[in-house]
Amino acid sequence: MNATPETTVSDWLRRAASTLDSQLEAQLLLGHVLGRERAWLIAHGEERLDDPCQSKANALLERRQVGEPIAYLLGEREFWSRPFRVTPEVLIPRPETELIVEKALALDLPENARVLDLGTGSGCIGLTLAAERPGWQVTATDISQAALAIARQNSEDLDVGPVELLSGCWFEPLEGRRFDLIVSNPPYVAAGDIHLGKGDVRFEPESALVAGPDGLDDLRHIVDGTAAHLNPGGWLMVEIGHDQGPAGGTLLKSAGFENISILSDGAGNDRVATGQRNDGA
Ligand code: GLN
């Protein structure tokens, strides 16, 4: 769209909504440019959009038209009712990942439990747990420095109590340390999966999505590491792919876990594998 002096808020929204086939997305993009809520846009449809605002809004619209995720364009995505800053260097937090948070909060852990979030990305799981349970001592790791910087920024913006953020691959920076709960949303998509060519995932970091030929490479690594890093009686809770329940259950079983469950998300898909470390393990 070209910038024109007579374009109003409602003109822009009408055109953008028909291009994107979504009124909501049009409102989110323009609201982002103007620093206004959707309710403001609706109440101020007659307001004129100046050229710089039109140009910015048009640029976002063009990026959205080629498929860039709305969360990256807005730089933000809500998770467990808190806004998390996101960039293309981290996975976009998804509603189904809230299942890990819900189940972790329901565990009967000590008030000052030690909790580890592996591959924290934006920090959405670890920081949410720290915010909801201020007594828990949360550590989060990521191999990506860029991701850690975003997680750090989120911990400051959300004013979450102290969370230890460590750089390294999975358990690498945690030599000799044990936890009462280990959570993770690791990569679990199989290399070459057709899903990688569709929608938002095309723009997300491959290192946060893909885990070897069957998608289970990182899950295996994490399960192996729990022997040295979970306290007796401690819990592991990991996100898995929609059809990885049986494989996830088998992995936990062979590692000696007890009280294993495969939890389904709101869409009825396998989503979380969880189990408790046997005291004798
Ligand atoms: N849930 C993501 C997807 O649908 C995958 C995230 C992951 O690999 N942890 O693509």
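Look up a bit, the structure's there.
Residues numbered from 1 in each chain as written. Predicted model: local features only at pLDDT ≥ 70, side-chain atom pairs only at ≥ 80, totals over all residues. Heavy atoms only, no water.

**Remarks on the overall build of the protein**
Move 1: A tally of regular secondary structure across the protein gives ten helices and nine strands.
Move 2: Each principal axis of the C-alpha distribution contributes one length, and for the protein these read about 75 × 40 × 30 Å.
Move 3: For the protein, the proportion of its 281 residues judged to be buried stands at 50%.
Move 4: Intrachain contacts of the protein at a sequence separation of at least 6 include 65% that bridge at least 24 residues. (Helix = DSSP H or I, 4+ residues; strand = E, 2+ residues; numbered from the N terminus. Buried < 20%, exposed > 50% of the residue type's maximum accessible area, 1.4 Å probe, protein only. Contact = heavy atoms within 4.5 Å.)

**Quick look at the site of the ligand**
Move 1: Taken together, the neighbourhood of the ligand is formed by Leu91, Arg94, Asn185, Pro186, Pro187, Tyr188, Val189, His195, Val201, Ala208, Leu209 and Glu239.
Move 2: The separation between a nitrogen atom of the ligand and a polar main-chain atom of Pro186 is 2.7 Å.
Move 3: Here the shell around the ligand is built from residues that sort into eight nonpolar, two polar and two charged. (Near = heavy atom within 4 Å. Polar contact = N/O pair within 3.5 Å; in protein donor to acceptor, adjacent residues only side chain to side chain. Nonpolar A, V, L, I, M, F, W, Y, C, P; charged D, E, K, R; others polar.)

**Here's the deal with the pairing of strand β5 (residues 164-167)**
Move 1: The pairing of strand β4 (residues 137-142) with β5 spans four bridges and is classified as parallel. Paired with Asp142 across the bridge in β5 is Ser167. (Pairing = 2+ DSSP bridges.)

**Side note on unusual backbone geometry**
Move 1: Within the chain, Trp80 stands out as a residue other than glycine whose phi angle is a positive 50°.
Move 2: Topologically, Trp80 is positioned in the loop between β1 (76-79) and β2 (82-85).
Move 3: The phi torsion at Asp159 lies on the positive side, around 55°, for a residue other than glycine.
Move 4: Its place among the elements puts Asp159 in the loop between α8 (145-157) and β5.

**Observations regarding the pairing of β4**
Move 1: With five of its six residues buried, β4 lies for the most part within the structure.
Move 2: Relative to β4, strand β3 (residues 114-118) is paired through five bridges, and the arrangement is parallel. Directly across from Arg114, in β4, lies its bridge partner Gln137.
Move 3: This β-α-β element, β3 to helix α7 (residues 124-132) to β4, shows right-handed connectivity.
Move 4: At this point the chain moves from β4, through α8, to the parallel β5, and the crossover so formed is right-handed. (Right-handed = clockwise from strand over helix to strand, strands pointing away.)

**Focus: helix α4 (residues 51-65)**
Move 1: With 15 residues, α4 extends 21 Å between its outermost C-alpha atoms, agreeing within 8% with the 21 Å of an ideal straight helix rising 1.5 Å per residue.
Move 2: Residues of α4 that are buried: Cys53, Gln54, Ala57, Asn58, Leu60, Leu61 and Arg64. Buried residues of α4 fall within an arc of 165° about the axis and therefore sit on the same side. Turned more than 90 degrees off the buried face of α4, the exposed positions are Pro52 and Lys56.
Move 3: Here α4 starts with a cap whose side-chain oxygen sits 3.0 Å from the backbone nitrogen of Cys53, and that cap is Asp50.
Move 4: Note on α4: the residue one or two positions beyond its end, Gly67, has a positive phi of about 105°. (Expected span 1.5 Å × (residues − 1). Arc of directions from axis to C-beta.)

**Considering the sheet that holds strand β6 (residues 179-184)**
Move 1: Judged by pairing direction, the sheet is mixed, and its seven strands sit side by side in the order β5-β4-β3-β6-β7-β9-β8 without closing on themselves. Lying at the two open borders of the sheet, with one neighbouring strand each, are β5 and β8 (257-264). Geometrically, the sheet is characterised by an average inter-axis angle of 15° between neighbouring strands, direction not taken into account.
Move 2: Across four bridges, β3 lies against β6 in parallel orientation. (Axes fitted to C-alpha atoms, helices over the stretch in contact; angles between N-to-C directions.)

**Here we look at α8**
Since the α-helix packs 3.6 residues into each turn, any two residues three or four apart lie on the same face.
Move 1: Here α8 spans 18 Å end to end across 13 residues, near enough to the 18 Å set by a 1.5 Å rise per residue.
Move 2: For α8, every residue scored as buried is listed here: Ala147, Leu148, Ile150, Ala151, Asn154 and Ser155. Summarising the axial view, the buried residues of α8 lie within an arc of 160°, below the 170-degree limit, and thus occupy one face. With respect to the buried face of α8, the exposed residues turned more than 90 degrees away are Gln145 and Glu156.
Move 3: Those residues of α8 that are buried lie in contact with β2, α7, β4 and β5.
Move 4: For α8, the N-terminal capping position is held by Ser144, with its side-chain oxygen 3.3 Å away from the main-chain nitrogen of Ala146.
Move 5: Immediately beyond the C-terminal end of α8, within one or two residues, lies Asp159, with a positive phi of roughly 55°.

**Observations concerning the state of the cysteines**
Move 1: With the rule as written, the count across this model stands at zero disulfides.
Move 2: Counting only cysteine sulfurs, Cys124 is the nearest neighbor of Cys169, a cysteine outside any disulfide, at a range of 19 Å. (Disulfide = S-S within 2.5 Å.)

**So, the packing of aromatic side chains**
Move 1: Taken as a whole and judged by the stated rule, the model has one aromatic pair.
Move 2: Aromatic pair Phe79 and Phe84: ring centres 6.1 Å apart, planes at 85°, arrangement edge-to-face. The pair Phe79 / Phe84 is uniform in exposure class, with both members buried. (Phe/Tyr/Trp six-rings, centres within 6.5 Å; stacked < 30°, edge-to-face > 60°.)

**Digging into the environment of Glu78**
Move 1: Tracing the backbone shows Glu78 in strand β1.
Move 2: For the pair formed by Glu78 and Ile92, sequence separation is 14 residues and the distance between their alpha carbons is 9.5 Å.

Just distances and angles here, no functional claims.
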